[in-house]
Amino acid sequence: MSFFKRLKDKLIGNPAEEEKVVEINEEEVAEQKLDDATEPAQIEATIDEVEKVEENSVTDSPIETENPVVIEDQEQQEQQEQQEQQEVQEVAIVEEPVKEKKPSAWSITQKFKAGLEKTRNSFTSKVNDLVARYRKVDEDFFEELEDLLLQADVGFETVMELMDKLRFEVQRKNIKDTNGIQTIISEKLVEIYEQGEEDLIDLNIQPQGELTVILFVGVNGVGKTTTIGKLAHRLKSQGKTVVLAAGDTFRAGAIDQLQVWGDRVGCEVIKQSEGSDPAAVMYDAIRAAKNRQADVLICDTAGRLQNKVNLMNELEKVHRVISREVPNAPHEVLLALDATTGQNALVQAQTFKEVTNVTGIVLTKLDGTAKGGIVLAIRNKLHIPVKFIGLGEKMDDLQPFDAERYVYGLFADGLDKELQNSED
């Protein structure tokens, strides 16, 4: 499937399928409600009929008993039909707002576009200038494009791989001018990120009835606690029961901050006093989550610099306690990184990966940097998927990472023009 085709599917989704599912659900609910409404109506009709028969048998008027029963049946039938119509209308009224609450594919794509505005204004404007200046695709063009990608923190290895792919593609398709070159760049960036792997963003949620433990790690100031609150909100909206563990017992106010988020999203927070042993907090939290039959336990940890050996050793201890209490846990170890720190985030990721088995990256503050290319550098250098990205301050601005939407956010202006030209 071409990049444009995938892009269009991502942007507009498939409204016909969504409507079809909703209509089927409406019919099923309507039928169920009609069945529920019919049963009592039939019972009442039967009772009325029996009462009439008994009444007429007492008065010994068998000739007059037929007409009242028939009339009563007709009245009951008319009432039943009116009730059925009313129930169908009520079902339609109830179901309609549910459809409106569902976020559209376009609205999600717009979040990526808005969140990557700073990177796009800095990076893509320069790419557009480059394309305008170079009418032909030659070695000078590739060298300048290489510099622009490095400035956007895409990473040296990723840039070199992209340049090789672009040169091969240009030669294979015998491309002479720069018209449409942004589409090829976008497609190759997506290929480099995905590397043939699928479902990279899915969290390792355990089957129903089993506790899923998610451990958050990262240095101070990256927005770790805020991200935990947003993820808890996201999981709760999916019907999960979520418990939070206040394992950051060193930073002043960290426990209170997590409690505020717990109150805000409606999640219980398991905590001890400031300065307590984080491993003991995790032990208590796991026991509490099991007793409450929670679906997910999200564990906060103290922010630590990657060069502080004692703190990193303590993180290993927390990991051991969790693994002892819940087999195969933690099921996810999410590393929160501040996108505005650029290449330093890459160094942090490398060190944390050596200490704990980091399963995914949550890249925060992506909307606040002009170097959003760090996403590609992390994926290509460390082979750790970026599972969520922070695109703003709102509760729902924590979005699952999507390679196509991300690349579209980087090249939105140029791709919109090329997409329009391709349709024309």
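This is a predicted model, so every value here is computed, not measured.

Parameters and conventions
- Residues numbered from 1 in each chain as written.
- Predicted model: local features only at pLDDT ≥ 70, side-chain atom pairs only at ≥ 80, totals over all residues.
- Heavy atoms only, no water.
- Helix = DSSP H or I, 4+ residues; strand = E, 2+ residues; numbered from the N terminus.
- Buried < 20%, exposed > 50% of the residue type's maximum accessible area, 1.4 Å probe, protein only.
- Contact = heavy atoms within 4.5 Å.
- Areas by Shrake-Rupley, 256 points an atom, 1.4 Å probe, with all protein chains shown as cover.
- Phe/Tyr/Trp six-rings, centres within 6.5 Å; stacked < 30°, edge-to-face > 60°.
- Lys NZ or Arg CZ within 6 Å of the ring centre and 35° of its normal.
- Pairing = 2+ DSSP bridges.
- Axes fitted to C-alpha atoms, helices over the stretch in contact; angles between N-to-C directions.
- Right-handed = clockwise from strand over helix to strand, strands pointing away.
- Salt bridge = Lys/Arg side-chain N within 4 Å of Asp/Glu carboxyl O.
- Expected span 1.5 Å × (residues − 1).
- Polar contact = N/O pair within 3.5 Å; in protein donor to acceptor, adjacent residues only side chain to side chain.
- pLDDT = per-residue confidence, 0-100.
- Core = buried A, V, L, I, M, F, W, Y, C linked by side-chain atoms within 4.5 Å.

**Digging into the overall build of the protein chain**
Along its length, the protein chain carries 15 helices and eight strands. Burial status across the protein chain gives 48% buried among its 424 residues. Residue pairs in contact within the protein chain that sit at least 24 positions apart in sequence constitute 77% of those at least 6 positions apart. When the accessible surface of the protein chain is totalled, it reaches about 21,700 Å², and 47% of it is carbon and sulfur.

**A closer look at the packing of aromatic side chains**
By the definition in use, this model includes four aromatic pairs. Taking 6.0 Å as the distance between ring centres and 70 degrees as the angle between the ring planes, the aromatic pair formed by Tyr134 and Phe141 counts as edge-to-face. In this structure, Tyr134 and Phe141 share a single accessibility class: buried. On the numbers, 5.9 Å between centres and 65 degrees between planes, the contact of Phe141 with Phe142 is edge-to-face. Taken together, the aromatic side chains of Tyr134, Phe141 and Phe142 make up a single cluster linked through ring pairs. Sitting above the plane of the Tyr193 ring, Arg379 keeps its charged end 5.6 Å from the centroid.

**A few points about the sheet that holds strand β6 (residues 360-364)**
The eight strands are arranged β3-β2-β4-β1-β5-β6-β7-β8 in an open sheet whose pairing can be described as mixed. A single partner strand is all that each edge strand has here, and the edge strands are β3 (268-270) and β8 (398-400). Neighbouring strand axes in the sheet, compared pairwise and without regard to direction, differ in orientation by 25 degrees on average. Strand direction decides the pairing type here: strand β1 (residues 212-217) and strand β5 (residues 332-338), joined by four bridges, are parallel. Counted as the bridge partner of Leu215 is Val333 from β5. Relative to the sheet, helix α9 (residues 224-237) contacts β1, β2 (242-247), β4 (296-301), β5, β6, β7 (386-390) and β8, its axis offset from that of β4 by approximately 175 degrees.

**Focus: the pairing of β5**
Put simply, side chains in a regular strand alternate between the two faces of the sheet. Of all seven residues making up β5, seven are buried, and the element is well covered by its neighbours. A two-sided burial pattern is seen for β5, the buried positions comprising Glu332, Leu334, Ala336 and Asp338 on one face and Val333, Leu335 and Leu337 on the other. Relative to β6, β5 runs parallel, the two being bridged by five bridges. Each residue of the ladder has a partner; that of Leu337, found in β6, is Leu363. Note that the unit made of β5, helix α13 (residues 343-355) and β6 has a crossover that is right-handed.

**Focus: the pattern of salt bridges**
Throughout the structure, instances matching the rule amount to 18 salt bridges. In this structure, Lys111 engages Asp397 in a salt bridge whose closest nitrogen and oxygen atoms are separated by 3.1 Å. You can see Lys111 sitting in helix α4 (residues 105-115) and its partner Asp397 sitting in the loop between β7 and β8, a full 286 residues away along the chain. Judged by its relative accessible area of 8%, Asp397 is buried. Here Asp248 ties to Arg251 by a salt bridge, and the two come within 3.5 Å at their closest N and O atoms. Judged by relative accessible area, Asp248 falls into the buried class, the value being 2%.

**Considering the pairing of β1**
Burial analysis of β1 places six of its six residues in the buried class, which makes it a mostly covered element. The side-chain alternation of β1 yields two buried faces, one formed by Thr212, Ile214 and Phe216 and the other by Val213, Leu215 and Val217. As judged from the four bridges shared by β1 and β4, these two strands associate in the parallel manner. Considered in β4, the bridge of Leu215 is made with Cys299.

**Side note on helix α11 (residues 278-291)**
Along an α-helix, a turn takes 3.6 residues, which lines up residues three or four apart on a common side. Given a rise of 1.5 Å per residue, 14 residues ought to cover 20 Å, and the 20 Å separating the end C-alpha atoms of α11 matches this to within 8%. Regarding α11, the residues found buried are Pro278, Ala279, Val281, Met282, Ala285, Ile286, Ala288 and Ala289. Structurally, the start of α11 carries an N-cap: the backbone nitrogen of Ala279 is 3.2 Å from a side-chain oxygen of Asp277. Immediately downstream of α11, the backbone of Gln293 shows phi near 55 degrees, a positive value.

**Brief notes about the confidence of the model for the protein chain**
The pLDDT averaged across the protein chain works out to 77; a share of 70% of its residues lies at or above 70. Across residues 15-47, where pLDDT falls below 50, the model places 20 contacts with residues more than four positions away in sequence or in other chains. When the criterion is pLDDT under 50, residues 50-66 qualifies, and its contacts beyond four places in sequence or with other chains add up to three contacts.

**Considering the nonpolar core**
Phe141, Leu297, Ile322, Ile361, Leu363 and Tyr406 are the most contacted members of the largest nonpolar core, which totals 80 residues. In terms of residue count, helix α8 (residues 181-194) provides more of this core than any other element does, seven residues in total. With sequence-adjacent residues up to four places away left out, Leu363 is seen in contact with Leu337, Ala339, Ile374, Val375, Ile378, Val386, Phe388, Ile389 and Gly390.

**Focus: unusual backbone geometry**
Here the residue pair Ala329 and Pro330 is connected by a cis peptide bond, since its omega of 0 degrees sits within 30 degrees of zero. Inspection of the secondary structure assignment puts Pro330 in the loop between α12 (309-325) and β5. Even without a glycine there, the phi angle at Lys365 is positive, about 60 degrees. Following the sequence through the fold, Lys365 ends up in the loop between β6 and α14 (374-382). Positive phi is not limited to glycine here, since His383 has a value of about 60 degrees. Mapped onto the secondary structure, His383 falls in the loop between α14 and β7.

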